[in-house]
Amino acid sequence: MALTLLLLLSLLGAPVRAQLSVFQSVLEYYRAAVNIPPGAASDTSVFQKEYDFVVVGAGSGGSVVANRLSEVPDWSILLLEAGKEEILLTDIPLLVSYILATDYNWGYKTQPQPGMCLSMEKQRCNWHRGKGMGGTSIINYMVYSRGSKRDFDNWERLGNPGWSYEDVLPYFRKSENINIPQLRDSPYHGTGGYLNVDKAHWATPLGKLFINALKDRGYPLRDTNNPNPIGVYPVLSTTVDGARLSASKAFIRPVRARRNLFVGKEARVTRILIDSKTNKTFGVEFVKNRRIYVVRAKKEVILSAGSLNSPQLLMLSGIGPRDHLEDLGIPVISDLKVGYNLQDHVSMAGLAFQVNDSITIVESRYFGPQYFLDYMLNGNGPYTMPGGAEAVAFTRTKYNNDTDQPDMELVMGPGSFMGDTGGSLRQSFNIREDVFNKIYGSRMGQDGFGIVPILLQPKSRGRVKLKSRNPFHWPLLYPNYFSDPRDVQVLVEGLKQVQTKKYINFKCNVNSCILIAIYCFKKGYC
């Protein structure tokens, strides 16, 4: 613990790359000191030739599936994960931006495209995806948000029986352990499940001011996990005792003693094995410790490698667009539009509002040992903030005629790029230094909060493609942000909701509002 404190405190005042290097050193120290953290599932090194089920990916989907399948004692389940086991430092909610710079993140970047990522290095946005036990749940911002009733009902109407809101709600409740007294009797939450849902054990005055401002504009104070989430509420997070609760910690560690559940860590699946004559899947090929393994599945292979790696694996295995696969020399088993219809909820994270009280998260302020000790000993303090998010609102813009489904999300955090004195936040966004310095440089270290508008119903569609037939090459990501002009129009309305007194009137001692987004758009940086 003492070494951890010394190393983390040494980050203060160092250059960005040096800070991230020190943080990576701390990660490696813990890996060397503790190969298998207490409570983690054992790493399988000797594999059977056949299992009933093979689950690819131990993220938010795969962890739950492996947990549920292993409830049947006569079934054998192999769970394969490309990344490592989590460690202590991945648990600290406020340090998300530092975790993003480590190998717990695949490190994907988008391909340069016109009209997007213009303020990023080489015009490429970072696309964060988790690589480790828990998947992206070990690097995300931990906000617990299910979506609206209308989302699920629309999926069912598209031809997916069993996906209506009424069908999925019992499973949300079954999986959940709501740890907020006001919500324990809610018909939309459950207790006794594997996934603990809580609030941060620390707050600033700004969260209540944000909530009151939205209430003044007619938005109800409402748990945003209701069937109609339009309203405002403090952020609910997948945390326990002030620490991150990943999908692996929630769903795999509690059942690690089941004799029919086997977990292969740092096992990179390279191909799904499919019989070209019958089109039936019969197993997987993967690499672990530089050795190639082939295991068969008696019942099913369940692909839960995420929205980017799942299509990559399908195409590597011969399922995908014929012209694309043939160009790469991959035998086509099924000509399907795999990799198309890629959707992402693009956001604008540059808004910063300066305040004249020392009440916000300025990174250098919280490197004092008292904050680490409060977190480590009591599970309290600013380090329990889920990535710095404090309150969330779901709203409608003028382009939305549906009174039950929001098209805009506003996430309020008691910090901003002005408080990014360590540099990890700007690096996580891949922002060019010249752009960052021009907008924020003169105000670095000053107090301010941020509100991030997020597009909830994007119209633009992107695509995942293969770079080559080599499974170790990253996929090529073409998100096509703003290719549909309606997305720009809706996001601009979100910016107006944040900036205009017509929508939000902050009754606090705000010194000035830095209209960074407007400047950024006018100058062509964003």
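The following paragraphs examine the structure supplied in this document. (Residues numbered from 1 in each chain as written. Predicted model: local features only at pLDDT ≥ 70, side-chain atom pairs only at ≥ 80, totals over all residues. Heavy atoms only, no water.)

**Here we look at the overall build of the protein**
Link 1 in the chain: Looking only at helices and strands, the protein has 15 helices and 22 strands in total.
Link 2 in the chain: Long-range pairs, those at least 24 residues apart, make up 69% of the contacts in the protein between residues at least 6 apart in sequence.
Link 3 in the chain: By element, 51% of the accessible surface of the protein is carried by carbon and sulfur atoms, the whole surface being about 23,300 Å². (Helix = DSSP H or I, 4+ residues; strand = E, 2+ residues; numbered from the N terminus. Contact = heavy atoms within 4.5 Å. Areas by Shrake-Rupley, 256 points an atom, 1.4 Å probe, with all protein chains shown as cover.)

**Re the state of the cysteines**
Link 1 in the chain: With the rule as written, the count across this model stands at one disulfide.
Link 2 in the chain: The side chain of Cys117 participates in a disulfide bridge whose partner is Cys125; the two sulfur atoms lie 2.1 Å from each other. Taking the torsion about the sulfur-sulfur bond, which here is approximately -115°, the covalent link between Cys117 and Cys125 counts as left-handed. Cys125 carries the same exposure label as Cys117, and that label is buried. (Disulfide = S-S within 2.5 Å. Buried < 20%, exposed > 50% of the residue type's maximum accessible area, 1.4 Å probe, protein only.)

**Brief notes about the pattern of salt bridges**
Two side chains of opposite charge can pair, provided their charged atoms sit close to one another.
Link 1 in the chain: Here the structure, examined in full by the defined rule, presents 21 salt bridges.
Link 2 in the chain: Across the pair Lys288 and Asp43 runs a salt bridge whose closest N-O atoms are separated by 2.9 Å. Of this pair, Lys288 sits in strand E12 (residues 280-288) while Asp43 sits in the loop between helix H2 (16-33) and strand E1 (50-56), and the two are 245 residues apart along the sequence.
Link 3 in the chain: One salt bridge connects Arg365 with Asp447, and the closest N-O pair in it is separated by 2.8 Å. Here Arg365, found in the loop between strand E16 (352-355) and helix H11 (369-378), pairs with Asp447, found in the loop between helix H13 (433-440) and strand E19 (448-455); they are 82 residues apart in sequence, far enough to count as distant. (Salt bridge = Lys/Arg side-chain N within 4 Å of Asp/Glu carboxyl O.)

**Some points on the sheet that holds E12**
Within a sheet, each strand pairs with its neighbour through backbone hydrogen bonds, oriented either parallel or antiparallel.
Link 1 in the chain: Pairing within the open sheet is mixed, and its six strands lie in the order E10-E2-E1-E13-E12-E11. At either margin of the open sheet sits one strand with a lone partner, and together these are strand E10 (261-264) and strand E11 (268-275). On average, adjacent strands in this sheet sit at an angle of 40° to one another, irrespective of strand direction.
Link 2 in the chain: Where E1 lies against strand E2 (residues 77-80), four bridges are found, and the strand directions are parallel. When the bridges of E2 are listed, Val54 appears paired with Leu78.
Link 3 in the chain: The strands touched by helix H9 (residues 306-316) within the sheet are E1, E11 and strand E13 (291-303), with E11 carrying the most contacts at an inclination of about 50°. (Pairing = 2+ DSSP bridges. Axes fitted to C-alpha atoms, helices over the stretch in contact; angles between N-to-C directions.)

**Re unusual backbone geometry**
Link 1 in the chain: Positive phi is not limited to glycine here, since Lys122 has a value of about 55°.
Link 2 in the chain: Within the element layout of this structure, Lys122 appears in the loop between strand E3 (108-109) and strand E4 (126-127).
Link 3 in the chain: Looking at Lys122, the relative accessible area reads 71%, which means it is exposed.
Link 4 in the chain: In the Ramachandran plot, Gln123 falls in the positive-phi region, its phi being about 55° despite a non-glycine side chain.

**So, the packing of aromatic side chains**
Link 1 in the chain: If you walk through the whole model with that rule in mind, you get 23 aromatic pairs.
Link 2 in the chain: Where Phe286 meets Tyr293, the ring centres are 5.2 Å apart and the plane angle is 10°; that geometry is what we call stacked. We note that Phe286, like Tyr293, is buried.
Link 3 in the chain: The interplanar angle of 35° and the centroid separation of 4.7 Å between the aromatic rings of Phe372 and Tyr383 together place this pair among those described as tilted. You can see Phe372 sitting in helix H11 and its partner Tyr383 sitting in the loop between H11 and strand E17 (391-395), a full eleven residues away along the chain.
Link 4 in the chain: Residue classification places Phe372 among the buried positions, given a relative accessible area of 2%. (Phe/Tyr/Trp six-rings, centres within 6.5 Å; stacked < 30°, edge-to-face > 60°.)

**With respect to the side chain of Asp52**
Link 1 in the chain: Within the secondary structure layout, Asp52 lies in strand E1.
Link 2 in the chain: You can call Asp52 buried: its relative accessible area is 7%.
Link 3 in the chain: Separated by 2.8 Å, the side chain of Asp52 and the backbone nitrogen of Ser76 make a polar contact.
Link 4 in the chain: Asp52 has contacts with Asp74, Trp75, Ser76, Ala297, Lys298, Lys299 and Glu300, leaving out every residue within four places of it along the chain. (Polar contact = N/O pair within 3.5 Å; in protein donor to acceptor, adjacent residues only side chain to side chain.)

**Some remarks on the nonpolar core**
Link 1 in the chain: Counting residues in each nonpolar core, the largest one holds 68 residues, and the members touching the most others are Leu80, Phe210, Val284 and Phe286.
Link 2 in the chain: Non-local contacts of Leu80, meaning those with residues more than four positions away in its chain, are made with Phe47, Val54, Val55, Val56, Gly57, Ala58, Gly264, Ala267, Val269, Val284 and Phe286. (Core = buried A, V, L, I, M, F, W, Y, C linked by side-chain atoms within 4.5 Å.)

**Observations regarding a nonpolar patch on the surface**
Link 1 in the chain: On the surface, Trp155, Leu158 and Trp163 cluster together into a nonpolar patch covering about 380 Å² of accessible area.
Link 2 in the chain: Position of Leu158 among the secondary structure elements: in the loop between helix H5 (149-157) and helix H6 (165-175).
Link 3 in the chain: Judged by its relative accessible area of 69%, Leu158 falls in the exposed class. (Patch = residues over 30% accessible without salt bridge, like charges linked within 9 Å, V, L, I, M, F, W, Y side chains within 5 Å.)

**Observations concerning helix H7 (residues 205-216)**
Link 1 in the chain: For H7, with twelve residues, the first-to-last C-alpha span of 17 Å sits near the 16 Å given by 1.5 Å per residue.
Link 2 in the chain: Buried within H7 we find Leu206, Gly207, Phe210, Ile211, Ala213 and Leu214. Seen end-on, H7 carries its buried residues on one side only, within an arc spanning 160°.
Link 3 in the chain: Looking at the buried residues of H7, the elements they touch are strand E7 (231-234), E17, strand E18 (408-413) and E19.
Link 4 in the chain: Of the residues flanking the end of H7, it is Gly218, one or two places downstream, whose phi is positive at about 100°. (Expected span 1.5 Å × (residues − 1). Arc of directions from axis to C-beta.)

**Some thoughts on the environment of Gly413**
Link 1 in the chain: Along the chain, the position of Gly413 falls in strand E18.
Link 2 in the chain: Sequence separation between Gly413 and Ala352 is 61 residues; the distance between their C-alpha atoms is 10.0 Å.
Link 3 in the chain: Setting aside anything within four residues of it in sequence, one finds Gly413 in contact with Gly388, Ala389, Glu390, Phe449 and Gly450.

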